[in-house]
Every structure is written in C-alpha cells, then in structure tokens.
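# Structural overview
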Amino acid sequence: MEKEIETLSKKILMDLDYNSKDLCIDMYYKNCGLKKPEINLQKECEFKPYFYVDTSEPKEIYDYLDGLNQEIDLKKLEPEFENNTSLKVQDLITNIEIIEKIVYSDYILNGKDISEVSDFKNKKERKICKVYVKYPNHVKIIREYFKEFGKSYEFDIPFLRRYMIDQDIVPSAKYSEDNKIDNSIPELNCIAFDMELYCKKEPNAKKDPIIMVNLFSKDYQKVITYKKFENSEYNGCVDYVKDEKELIQKTIEILKQYDVIYTYNGDNFDFPYLKKRANIYEIELDFDNASNSQQPQIIKISKGGINRKSKIPGIIHIDLYPIARKLLNLTKYKLENVVQELFKINKEAVDYGDIPKMWETEDTTLLRYAYEDALYTYKMGNYFLPLEIMFSRIVNQPLYDTSRMNSSQMVEFLLLKRSFEQNMISPNRPSSSSYRERAKFSYEGGYVREPLKGIQEDIVSLDFMSLYPSILISHNISPETVIYEEKERENMELGIIPKTLNELLSRRKHIKMLLKDKIQKNEFDEEYSRLEHEQKSIKVLANSHYGYLAFPMARWYSDKCAEMVTGLGRKYIQETIEKAEEFGFKVIYADTDGFYAKWDYDKLQKGKKEENDKSDKLSNLPKLSKEELIILTKKFLKGINEELPEGMELEFEGHFKRGLFVTKKKYALIEDDGHIVVKGLEVVRRDWSNIAKDTQQAVIRALLEDGDVNLAKKIIKNTIDNLKKGNIDKNDLLIHTQLTKNIEEYKSTAPHIEVAKKIKQRGDSVRVGDVISYIIVKGSRSISERAELLEYAGDYDINYYIDNQVLPPVIRIMESLGISEDELKNSGKQFKLDQFM
DNA sequence: GATTATCGGGG
DNA sequence: GTGTACGATAATC
C-alpha cells in the first residue's frame, strides 16, 4: 500500500518501443517516488495504424479495389496470416473514416503548374479519407495499390513516431500524478560501457575474444577481466571473473540495472561484438530491467543506412560518437580528440597492435587505458545528456532516436508535430527521381567580401544574431507562402516554417530573460542549468531550419525559400556594410552574417577638408581609445537596429587588438587578453612537419602580438638558415600521413605509400589506419622514392623542406603583407652577397 | 580547377 | 522498421 502511494508521486517515460509480436507499443516508465526506483512496462494496444487517401468518398476506394480485384502477394506480408487463403487489399483495411483536414500539398508549387496551387490565404479544411489498417508494417504495401487511384499521404511515418505525434507523448520527462509534465531534468542512472579485445589484425568476432569490459558509473568503476594483473596499483579498480563467458554474463547483469548506457561507437562496434560473442557461448542476452515484464529483452541491431544502431528496449543506449560529430566541429573524432576538446586533457592512446603483447606481459598500461576509456565516456555522456534530453523533449521523439538524428531530421519531426497540431496533412517525402533532381540544385550562398589584406589594428567584430531564422520569420518565408509577392507575404498569416521558428525564438527569448534574472539573483541552481540547456538546444534547432529547406529529403523542401533566404542575407549584410562605412568605419572583412571593421581615419581626414567638420566630437580625436571605439560602435548598432525588421539584430561580438587577413576564410586575430584565434590557416593540420607548423605559428604570433613584419621575416630566414646548416632536430622534419587502404589498392603512389612498401620489404607489418612518419632525404629520384623512416634516413633534402614544407604555409601570409616569395627565398643568398661586398 | 571516390568511429 | 547518412578530404581527371 505504501509502495502504491509512493509510485504515484512521479514517473518518467524512459523509453518506447514498437513490439511487433504483441502488436502494441511498449512504454517503460520509471517510478521515482520509491526508495529504490523501479522500471515498469505498460502496453499501449489501442492506437491503430492509418494513412490518408485523397478522396471524400470511402465507396470510391472500395469500388476501385474491387475493380482491381488484386490479390496481395503474401510473401510481402509479415507477420504471417492465420489462414493463407487468398487475401485482397480490402481484407487488410479495418476502417475508412471521412475527416476534414488541411492538405498542405494543395498550397505548394513543387513541380505543379501555378494554376493548380490553392490560395493559402483562404486555406481551409477539406474532406479526405483516413484509412485504418490492421498492421503497421502493412501500411506501405497497401498504399502501393492506391498509386493508380490517386494521392495518398502520411504512409511512411513510422508507427511509434505516429503515436508520439498523435498522442502528444513527451519522452524523458517527469509526469506527476495528475499527468502534468514537470520540466526539471530527471535523475537517471547512467553507466559507461566499453571493452578491449585480443586481436592481431582487424577484429573478428568468430575468434577474437573480449578480454576486458570497462564500466564506469557513480557507484561502480571497474575493469572486469579474467587474467590476474600482479603487483598492480590498479587492483582496486579490477573485478576478476573466470573466463570470457563469465565476463559477458557479469556485464549483462550490471548493465541491466541502469537507465542509460553510454558508449563511444557502441552502435557499430561494442554491442554488435558483444552480441556475437554471447552467441558463441549460447548466453541468453537478457537485459530485461522492468519489474513487471515477462519477455527477455535483447540487443536489437538494426541497419541505419551504412551504419548500424544498437537498441536495448527499456534501457536508453546513448552512443556518444554521433553526438560528438554533430555538436563539435573537429577534424578527427577519436575518443582522445573529443576528450581533449571538452576537458582539455591529453588522454593516453594505445596502439591497437600493442594490445596482445600488453595482455600477455601483464602490462598495466592496458588496464589504465581501459579504465580511462570508460571514465571519459562517462564524463562525456554526462556532459551531453542534458542537452540531448532537451532535444528529445522539444522534438517530441524518444531520446534514443533524437540522439541519433541529424538536425534536419529533428526539424522534420518538429514540423510533423506542428502540422498535426494545426490539423494539416504533411507533404510526402520525395520520390527517388525527385530526390536526385533536388540534389542537383545549387544556389548562391552567403556574401563573402575579399579582405583588406595585411595587418589591421583596433578591430571590432559585429554580427547578426540568428540572421537566417530572423529572415525566415520577418519575410514570412515558407513553402506555402513563397509564391506570393513580398508585400502580400508579409501581410498574411505566417507559414509553417516561420510560425514554428517564431514559437522557438519567443521561447528562447523568454528563457534568456529568466536566465538573466537568475544571474542577477546569483541563482545558479538546477533550474538554471536546465534553462541554459534548453536555450542552447533551441538555438541549434532554430538555426537548422534554413538548412532543412535545402535538404533534398525534406518533406517541406523548397529551393525557392533557401535561395530567397541567402539572397536577403546578402542584401542585409551588404546594406549594413554600406551604412557602417557611411558612419565612419572601414570594413576589413565580411562573411555571411557578420563583419570585422576598424575606424576609418583616412576618410575623416578627407571629410574634414571637404566640408567643415560636422561629425561627432569623438571623431575629432587623433586616435580613438578602445572605449571610445566601442561607444561609437554601440551608437552605430542602435541606429541600425532601429531600422531593421523586428526580430533581426546586429550585435557587438568583440574587440580585437590586431588582426591578420590573408584571403577569404583565412585570417587570424588576437584578443585584448592575448588569446589568438586562427581561421582557415593550416596550423592545425597534422600531416605537416613540426618545422612547418612551428614556423607558421611563430610568424602569426609575431605579426599579431607585435605587428612586427621584420620579426616575422627574421623567423623565416632563421628557419631556412638552420635547415641549411643542418641545425635541426630530425624529429621536427617528420611528415605524418595515414594509410587509408592496403598498399596494393593504391593506383598512384605517394611518399607514405613508398615508405609502407619499404617497411613491408624489411619484414615488418603495416596495416590500414597506420600513420606513417617519414623524412624526405637527399637524392635525384622522385620525392616519393626519397621518403624514409627516421631510423633509415640519411641527410634530409634541404630544398624540399624549404620549398615544400616551410615556405608554403607562410608565403600566403607574407604576400598579404606585400612581401614576395622571392624576397623570402633569396634573403639567405642576399645575406651572403652582402658579406662579399 | 573541377569532379569523383572514400572514409569515418571502435579493437 | 509505415525509414536512411553526410560532409570532409583525398584522389584523379
């Protein structure tokens, strides 16, 4: 009895899954009121699959089907039928209803003639047939039979998604006893799961055993293994089992006690591998965690395009790899790279090839590596989870799914939900032919202005706050409004895209206000962090709407809209630049939604001579201080923002002491606190030698910190001199390139391929994925043939390093300052000539 | 320079 | 599961 009362206090909808055996939706709730929370399974069997057929008369449908007299190909149908006597399409239809709906497709052009498009300003519901069928997986097959009859709609929305949309189910949220949603982020029990294998080549689940399972949660942090590591300082972190079979069994026993499992690439690797190994030992993989369920829950590996997805019903598997890929912008997404980015920690990496040896020699490096893999997976999971929960709630789809969706897919589900709420029938996805047609479409993007090259001082950076979303709203751009003239569009009801965006941005504005209030009151509590995550996720979703319109797979695709948005974007930025220059700024560089500018002293000089100085008092000063420049900038912003449409705002982003502008998309800036920001210049790329990277970095630093061109020149000259004198650590000359396929598969040759061949000839092994580090040595053969490993390298090729490594990254920078390649190259010689004279 | 192919993460 | 990637970079023309 006491338990019952507690149970009522709060429950969280954790996970949902379509159960094809029971033809129902399994809903996993977590009861939070209990001392030990418990998962409960509820079955939803009332919801029935359906789709729409464009006719107002059910009889027409039956007559048509009778006329067809088509028997269904039973092979296509599963689950199997009780009696496989002949089946007709109409036997699988359970009901046809006439309902009133707004058919969105009526209002969009999409290849039609303009005369066939209905007027959105007079949009209204019309009669259409809602066709119910017996089984969800029959919808698509049955729909095929209607192709000759007429249009059908919403036949490809997965059953579970359909249910979430129609019933307004909010996942990963707390429900109180009166079924109201509580906004706080639920406390979930999370565990990170990772494993190590014994394998000498590519892992093969038939023979390569799992040797360690690494688990990390709030109350359990262990590496489970079956080989005793003697004298290890890590003994406290190790749990021993008898063998691999016991290892797998123990892993399942522990994992099933948690709500959330974090992995890094578990979709494609850990779970499929675990499943295969468990099959070998005939272990029943039962992850069932619900107190009242009777069926075993096993890992479901489904195909998602090229990749796989691993789902355990009732437990939320969060694979952090796809999340890191969509939320971070890195060149590499190995676990170490992401850990470095998020926590600024250099995580030790282990070469996979060394694992067997470490295992045999009981090298504890392997234990530490295993332990840290789980630890950082856990930290990363906790870092991303609140944001992902917010995405799941806003989009209104299960966390498992939204965490694997890209932003366009999330926008689509958001729109499907809005469309349903507005009693609309959503447009269909494109056929494969129109998909190909759409994919070919290309259009002009943002405006990028050629920079004022060289070193600039005292720079302000200004940008539009969410430019594209605000253009979509203020110009009412949507597939159904785009056919109207500008004026007409702005005076009519908002289309679905601007309407959805408007709701999102108003919510974000409201949150921002609440946050400001909390900051003032110094309330950095749970509520604060929840709001912070919510506003962040709204920002991501709002910024994805423009991209969604140009996404060829989108239901609400519209190339016209996308083109219009970038066109208006270019107009706004160009007009703003003009106004900035009229005001007294000199714009140095602009890209899409923002620009860098300095104060134009030259123009003021001219202006003074021409007309007797009417400009602001401040501009009379010989040179503006940083504070004065910012005051002027804010004054300019105020004027601009008064003229801009509502919701659009140009913002002050920052002040920079100095900047170096090389070409479009290639520049570097130094902030007032000395922090350097580099864009598009190659310093970050791994395949260059240290000497090339270090020289470029030193040159950028010299130019930004001191504005000293001569110092930059000197740095380059010194490097060249040192190379000539042999005054260089050979390690700094190593060039690193990854082998991306087997040596035999390369059609052409390259230095790292030649080196890999040499390694093989010497009897050592090279594998796909190895990074080959080599030096180019002296000689007359081709460069590829002169590539050597450090230990076999003789004298290095001085000219190669000067011409192909050191100079290319710095030449463009120096050219932007008016210094030629010749001057840099010959400076050494000239120096010698000077000595002769 | 433009177009086509491949690769990613995990061990 | 009433479904499918995609975006960057290297290789090649």
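For the structure itself, consult the block above.
Residues numbered from 1 in each chain as written. Chains lettered and ligands numbered in written order. Predicted model: local features only at pLDDT ≥ 70, side-chain atom pairs only at ≥ 80, totals over all residues. Heavy atoms only, no water.

### Regarding the protein's contact with DNA strand B
By nearness alone, 23 residues border DNA strand B, and Lys201, Glu202, Pro203, Leu335 and Tyr352 come closest of all. If you look at DNA strand B and keep only atoms within 4 Å of the protein, 61% of those are sugar or phosphate atoms. Glu196 is positioned such that a nitrogen or oxygen atom in its side chain is 3.0 Å from a sugar or linking oxygen of DNA strand B. Of all the secondary-structure elements, those providing two or more residues to the surface near DNA strand B are strand S10 (190-197), helix H8 (320-327) and helix H11 (365-395). For the surface near DNA strand B, the element with the highest residue contribution is S10, accounting for four residues. (Near = heavy atom within 4 Å. Polar contact = N/O pair within 3.5 Å; in protein donor to acceptor, adjacent residues only side chain to side chain. Helix = DSSP H or I, 4+ residues; strand = E, 2+ residues; numbered from the N terminus.)

### What about the environment of Pro313?
Tracing the backbone through its elements, the reader meets Pro313 in the loop between strand S16 (307-311) and strand S17 (316-319). Each C-alpha atom, one on Pro313 and one on Tyr28, is 8.5 Å from the other, the two residues being 285 residues apart in sequence. In this structure, Pro313 is in contact with Asp15, Asp17, Tyr28, Gln297, Ile298 and Lys300, ignoring residues within four places of it in sequence. (Contact = heavy atoms within 4.5 Å.)

### Some thoughts on the sheet that holds strand S2 (residues 24-31)
Taking strand neighbours across the sheet as the criterion, the five strands line up as S3-S2-S1-S8-S9 in an open arrangement whose pairing is antiparallel. Each edge of the open sheet is held by one strand with a lone partner, namely strand S3 (38-44) and strand S9 (181-182). Along the sheet, helix H5 (residues 159-167) contacts strand S1 (10-19), S2 and S3; its crossing angle with S1, the most-contacted strand, is approximately 145°. (Pairing = 2+ DSSP bridges. Axes fitted to C-alpha atoms, helices over the stretch in contact; angles between N-to-C directions.)

### Here's the deal with the pairing of S2
Most of S2 is tucked away: eight of the eight residues are buried. Relative to S2, S1 is paired through eight bridges, and the arrangement is antiparallel. Residue Asn19 lies in a different strand from S2, and its bridge partner there is Cys24. The antiparallel pairing of S1 with S2 creates a hairpin that spans four residues between the two strands, and Leu23 there sits at a positive phi of about 50°. Across seven bridges, the pairing between S2 and S3 is antiparallel. (Buried < 20%, exposed > 50% of the residue type's maximum accessible area, 1.4 Å probe, protein only.)

### What about the pattern of salt bridges?
Inspection of every chain in the model, using the stated rule, returns 48 salt bridges. Among the ionic pairs, Lys147 bridges to Glu144, the shortest N-O distance being 3.2 Å. Look at Glu144 and you get partly exposed, because its relative accessible area is 37%. Ionic pairing is found between Lys250 and Asp239, a salt bridge with its closest N-O pair at 3.7 Å. Placement of the pair is Lys250 in helix H6 (residues 244-255) and Asp239 in strand S13 (residues 238-240), with a sequence separation of 11 residues. Owing to a relative accessible area of 30%, Lys250 belongs among the partly exposed residues under this scheme. Of the residues examined, Asp239 reaches a relative accessible area of 18% and is grouped as buried. Put simply, Arg507, Glu527, Arg530 and Glu534 are held in one network by salt bridges that share partners. (Salt bridge = Lys/Arg side-chain N within 4 Å of Asp/Glu carboxyl O.)

### Re the packing of H11 against helix H18 (residues 526-549)
The interhelical angle for the contact between H11 and H18, taken along N-to-C directions, is 60°, at an axis separation of 9 Å. Here H11 lies oblique to H18, going by the angle between them. Helix-helix and strand crossings are classified by hand; for H11 and H18 the assignment is right-handed. Taken together, the residues of H18 that come into contact with H11 (itself represented by Pro386, Leu387, Met390, Phe391, Ile394 and Val395) are Arg530, His533, Glu534, Lys536, Ser537, Ile538, Val540 and Leu541. Residue composition of the contact of H11 with H18, grouped by class: nine nonpolar, two polar and three charged. (Parallel < 35°, antiparallel > 145°, perpendicular 65-115°, else oblique. Left-handed = near helix turned anticlockwise from the far one by under 90°. Nonpolar A, V, L, I, M, F, W, Y, C, P; charged D, E, K, R; others polar.)

### Some remarks on the packing of H8 against H11
One can describe the packing of H8 onto H11 by two numbers: an axis separation of 11 Å at closest approach and a directional angle of 70°. In terms of orientation, H8 and H11 fall into the roughly perpendicular class. By crossing handedness, the relation of H8 to H11 is classed as left-handed. Contact residues: H8 offers Leu320, Ile323, Ala324, Lys326 and Leu327, while H11 offers Thr377, Met380, Gly381, Phe384, Leu387, Glu388 and Phe391. Grouping the constituent residues of the contact of H8 with H11 by class yields eight nonpolar, two polar and two charged.

### Here we look at the environment of Glu60
On the secondary structure map, Glu60 appears in helix H2 (residues 58-68). Beyond its immediate stretch of four places on either side in the chain, Glu60 contacts Thr55 and Phe149.

### As for unusual backbone geometry
Backbone geometry follows two general trends: most residues other than glycine have a negative phi, and most peptide bonds adopt the trans configuration. Not every positive phi belongs to a glycine, and Asn423 is a case in point at roughly 55°. Within the element layout of this structure, Asn423 appears in the loop between helix H13 (407-421) and strand S18 (424-425). Overall, the relative accessible area of 26% leaves Asn423 in the partly exposed class.

### Some words on the packing of aromatic side chains
The geometry of an aromatic ring pair is captured by the separation of the ring centres together with the interplanar angle, meaning the angle of the planes. Tallied over the full model, the rule gives 38 aromatic pairs. Aromatic ring contacts, followed pair by pair, group Tyr589, Tyr596, Phe656, Phe661 and Tyr667 into a single cluster. For the cation-ring pair, Lys11 lies above Tyr29, with the distance from its terminal atom to the ring centre recorded as 4.4 Å. The cationic tip of Lys227 hangs over the ring face of Trp359; the distance from NZ or CZ to the ring centre is 5.6 Å. (Phe/Tyr/Trp six-rings, centres within 6.5 Å; stacked < 30°, edge-to-face > 60°. Lys NZ or Arg CZ within 6 Å of the ring centre and 35° of its normal.)

### Focus: the nonpolar core
Residues Phe464, Ile471, Leu472, Ile497, Trp556, Phe585 and Phe595 are the most contacted members of the largest nonpolar core, which totals 72 residues. Counting 50 residues, the second largest nonpolar core, distinct from the first, contains Tyr28, Val238, Leu330 and Leu367. (Core = buried A, V, L, I, M, F, W, Y, C linked by side-chain atoms within 4.5 Å.)

### A word on the sheet that holds strand S12 (residues 221-225)
Reading across the sheet, the six strands line up as S13-S12-S11-S10-S14-S17 and stay open at both edges, with mixed pairing between neighbours. Among the strands making up the open sheet, the edge pair consists of S13 and S17. Taking the axes of each pair of neighbouring strands and ignoring which way they run, one obtains an average angle of 25° across the sheet. Of the pairings in the sheet, the one linking S10 to strand S14 (residues 260-263) comprises three bridges and is parallel in character. Within S14, the position partnered with Ile191 by the bridge is Ile261. Contacting S10, strand S11 (210-217), S12, S13 and S14, H6 crosses the sheet at an angle of about 20° to S11. Along the sheet face, H11 touches S10, S11, S12, S13, S14 and S17 and points at about 40° away from the line of S11.

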